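Chain by chain, the residues run as shown.
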Amino acid sequence: MYINFQSIRKMLFLTAVGAATLVSCSKNDEGEDKGTNPSGGNPSSQEDTTPQVDINKFFIDAKGTDGNARYILYANEVASGEVPIGENKGQLKPANGYFWLFNKNIAAGLSYEFRGAGIGVAYGRNKAGEVSEIAQFGVAERATTFGFFGDYYVTAVSGQTIVGEAGAKDGATFTLRKTTDFSEALNKTIRTKNLLPGMNNDEVVSFAGILDNGNGEFLTNMIVSDYKDVQPGQGSSTGVIHNPDVVYVGVFDKDLNFKRYYKSDKLGYAAGRFKSQYLLELGKTENGNVYVFSGGINQKEGSTRKAGALLIKPGATGFDPDYFFDIASVSNNGIFRRVWHISGNKFFLEFFNDAASAGLRSLDAHRYAIVDVEAKTLSWVIGLPEPANINGITSNPITPAIYQGKVYLPVNEKNTDPAIYVIDPATNAATKGLVVKGANVINAIGRFE
């Protein structure tokens, strides 16, 4: 049964969570600092000094055995113990599974619904520790990438028709939603034709991931390809890539002005791929360094460039010419799909089980590693079930939480109840934690802050 919260409770909740959102300064699950607003100014001077009641710390999306229903559970600790799926706090809006992102006390889930418009749900925790639904929202143009930027949740899709030009399909539509109530603050379609030097008239730009740079700008990876026709209203997925041995990163401001771009021929494009979704392969460390990762999936499209990482230093107008991390050489030519910053110079990488069978629709990505981008080392995570014994999720990849220097990873082992594993980058070891009894899979875990 789907649960709706009472209107008066929701109004009171939105007021509290809105104030908390505007003044919080912490890290989200991608590891970025979130202490400034999108225009680069200071947070509100009228800070809410009400102490946060630290309950319902973790948000869990789990699927039971009763069909495709997804349920929400909350937990204060997940390093041990168990919770029955029957103790869930409500059922999520039915969808084809959600891609989750967590930012401060906000959880946003997006389902791109395959061939239809996207749908989203948002939950938040207020100062009293109560978690409630903030909003349900639709994404008419579908969405192929998403992320948090200051006080906004951003979705984007390319291959859109330019207003007044029925034959022009090189538009990219970005939607910025306020995290207080997920109402639209800005919806803008930008032209991508000839956005980068050397593009031909048939090429479009697709965007992959949103990384808040903390200065009123966000970074996003860019893929240049031919337009790929899909059903009306959906937007383009990647078509033929004529130059697969190049990586681009673009920078936009809060008004979606294209500020600059970075280019290198040391890597192929930087984007985790899952069907038509483009997932984040960017990360920022506490000292302001931005690392641009390329997982190597571009090799499946004719690129000669393997997995690696490049560096953009604070204020730099180009990639650091002295930095290149050859991840392929330290991973036995592995191909990875997603990246999360843990803390310091360490990042968490999700690898495909077998590079030879890696693909846009592959469900077999259950090998994990911790890399040190300064030492340029890679250590495989130990203590997890064998990759062949883990169930893949058909609708979306799982979402781990990054909190206080550790990784909290949902693991859906075959023939047993799914569990959260806690990974310590100091030892590269995973320890089995909270078990969700009676669940079929754990789709995501996030940490409210």
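Student: I'm lost on the overall build of the chain in this one. Help?
Tutor: Helix and strand counts for the chain come out as two helices and 30 strands. Across the 449 residues in the chain, those meeting the buried criterion constitute 59%. Counted over contacts in the chain with a minimum sequence separation of 6, partners at least 24 positions apart contribute 56%. With an accessible surface of roughly 17000 Å², the chain has 47% of that area assigned to carbon and sulfur atoms.

Student: Looking at this structure, how should I read the packing of aromatic side chains?
Tutor: Describing an aromatic ring pair means giving the distance of the ring centres and the angle of the ring planes. Within this structure, the stated rule accounts for 32 aromatic pairs. Aromatic side chains F58 and Y408 sit 5.4 Å apart centroid to centroid with 55° between the ring planes, which places their arrangement in the tilted category. Placement of F58 in strand β1 (residues 58-63) and of Y408 in strand β27 (residues 406-411) is noted, with a sequence separation of 350 residues between them. Side by side, F58 and Y408 carry an identical accessibility label, which is buried. Relative to F347, the ring of Y291 lies with its centre 5.8 Å away and its plane at 65°, an arrangement referred to as edge-to-face. With Y291 in strand β20 (residues 290-294) and F347 in strand β23 (residues 346-351), this pair connects stretches of sequence that are 56 residues apart.

Student: Looking at this model, I keep getting lost on the sheet that holds strand β25 (residues 377-380). Mind explaining?
Tutor: The pairing of strands in a sheet comes from backbone hydrogen bonds and takes either a parallel or an antiparallel form. Spatially, four strands are ordered β22-β23-β24-β25 in an open sheet, and the strand pairing comes out antiparallel. Looking at strand neighbours, the two that pair on one side only are β22 (336-343) and β25, the edges of this open sheet. Across the sheet, the axes of successive neighbouring strands diverge by a mean angle of 25°, strand direction being ignored. Judged from the four bridges that link them, strand β24 (residues 367-372) and β25 form a sheet pairing that is antiparallel. Each residue of the ladder has a partner; that of A369, found in β25, is W380.

Student: In this structure, what is going on with empty space enclosed by the protein? I would like to understand it.
Tutor: Leftover empty space is mapped by rolling, across the atoms, a probe with the size of a water molecule. This structure, assessed with the given rule, holds five cavities of 30 Å³ or more. What lines the second largest cavity is a set of 19 residues, and nearest its centre among them are A365, H366, N391, G392 and I398. Top element by residues in the lining of the second largest cavity is β27. It accounts for three residues. Partitioned by chemical class, the residues of the lining of the second largest cavity number 11 nonpolar, six polar and two charged.

Student: I would appreciate a short explanation of the pairing of β1 in the present structure.
Tutor: Each regular strand displays side chains that alternate between the two surfaces of the sheet. The buried count for β1 comes to six of six residues, which makes it a mostly enclosed element. In β1, alternate side chains face the same way, and those of F58, I60 and A62 on one face and F59, D61 and K63 on the other are all buried. As paired elements, β1 and strand β2 (residues 70-75) share six bridges and run antiparallel to each other. Bridge pairing links F58 to A75 in β2. Count of turn residues in the β1/β2 antiparallel hairpin: six residues, of which G67 carries a positive phi of about 85°.

Student: For this particular structure, what's the right way to read the confidence of the model for the chain?
Tutor: Close inspection of predicted coordinates is inappropriate in any region flagged by low pLDDT. For the chain, the mean per-residue pLDDT works out to 87, and 87% of the residues sit at or above 70. In the predicted structure, residues 1-45 sits below a pLDDT of 50 and forms 105 contacts with residues beyond four places in sequence or in another chain.

Student: Teacher, can you tell me more about the side chain of S362 here?
Tutor: Examined against the element boundaries, S362 turns out to sit in the loop between β23 and β24. A residue is classified by how much of its surface remains accessible, and S362, at 11% relative accessible area, is buried. Looking at S362, its side chain comes within polar contact range of the main-chain nitrogen of D364, at 3.2 Å. Discounting residues that sit within four places of it in the chain, S362 has contacts with F274, R337, F352 and S357.

Student: How should the sheet that holds strand β7 (residues 131-139) be read in this particular structure?
Tutor: On the basis of which strands lie adjacent, the open sheet formed by four strands has the order β4-β5-β6-β7 and antiparallel pairing. One side of each edge strand has no neighbouring strand; the edge strands of this open sheet are β4 (99-103) and β7. Taking the axes of each pair of neighbouring strands and ignoring which way they run, one obtains an average angle of 20° across the sheet.

Student: Where do I start with the environment of F58 in this structure?
Tutor: Since its relative accessible area comes to 3%, F58 is described here as buried. Spatially, the C-alpha atom of F58 lies 6.1 Å from that of N76, the residues being 18 residues apart in sequence. Among all residues touching F58, those that are not within four sequence positions of it are L73, Y74, A75, N76, E77, V78, Y408, I445, G446 and R447.

Student: Would you take a moment to explain the pattern of salt bridges for this structure?
Tutor: A side chain of one charge can pair with a side chain of the opposite charge when the charged atoms of the two come close. In this structure the tally under the stated criterion is 14 salt bridges. In this structure, R305 engages D245 in a salt bridge whose closest nitrogen and oxygen atoms are separated by 3.6 Å. Taken as a pair, R305 in the loop between β20 and β21 (308-312) and D245 in the loop between β14 (237-238) and β15 (247-253) lie far apart in primary sequence, 60 residues in all. The class of R305 is partly exposed, set by a relative accessible area of 25%. Residue class for D245 comes out buried when judged on its relative accessible area of 17%.

Rules of the game
- Residues numbered from 1 in each chain as written.
- Predicted model: local features only at pLDDT ≥ 70, side-chain atom pairs only at ≥ 80, totals over all residues.
- Heavy atoms only, no water.
- Helix = DSSP H or I, 4+ residues; strand = E, 2+ residues; numbered from the N terminus.
- Buried < 20%, exposed > 50% of the residue type's maximum accessible area, 1.4 Å probe, protein only.
- Contact = heavy atoms within 4.5 Å.
- Areas by Shrake-Rupley, 256 points an atom, 1.4 Å probe, with all protein chains shown as cover.
- Phe/Tyr/Trp six-rings, centres within 6.5 Å; stacked < 30°, edge-to-face > 60°.
- Pairing = 2+ DSSP bridges.
- Axes fitted to C-alpha atoms, helices over the stretch in contact; angles between N-to-C directions.
- 1 Å grid on protein atoms, 1.4 Å probe; cavity = no way out; pocket = protein on both sides within 12 Å on 5 of 7 lines; lining within 4 Å.
- Points joined across faces, edges and corners; volume = space filled by probe spheres on them.
- Nonpolar A, V, L, I, M, F, W, Y, C, P; charged D, E, K, R; others polar.
- pLDDT = per-residue confidence, 0-100.
- Polar contact = N/O pair within 3.5 Å; in protein donor to acceptor, adjacent residues only side chain to side chain.
- Salt bridge = Lys/Arg side-chain N within 4 Å of Asp/Glu carboxyl O.

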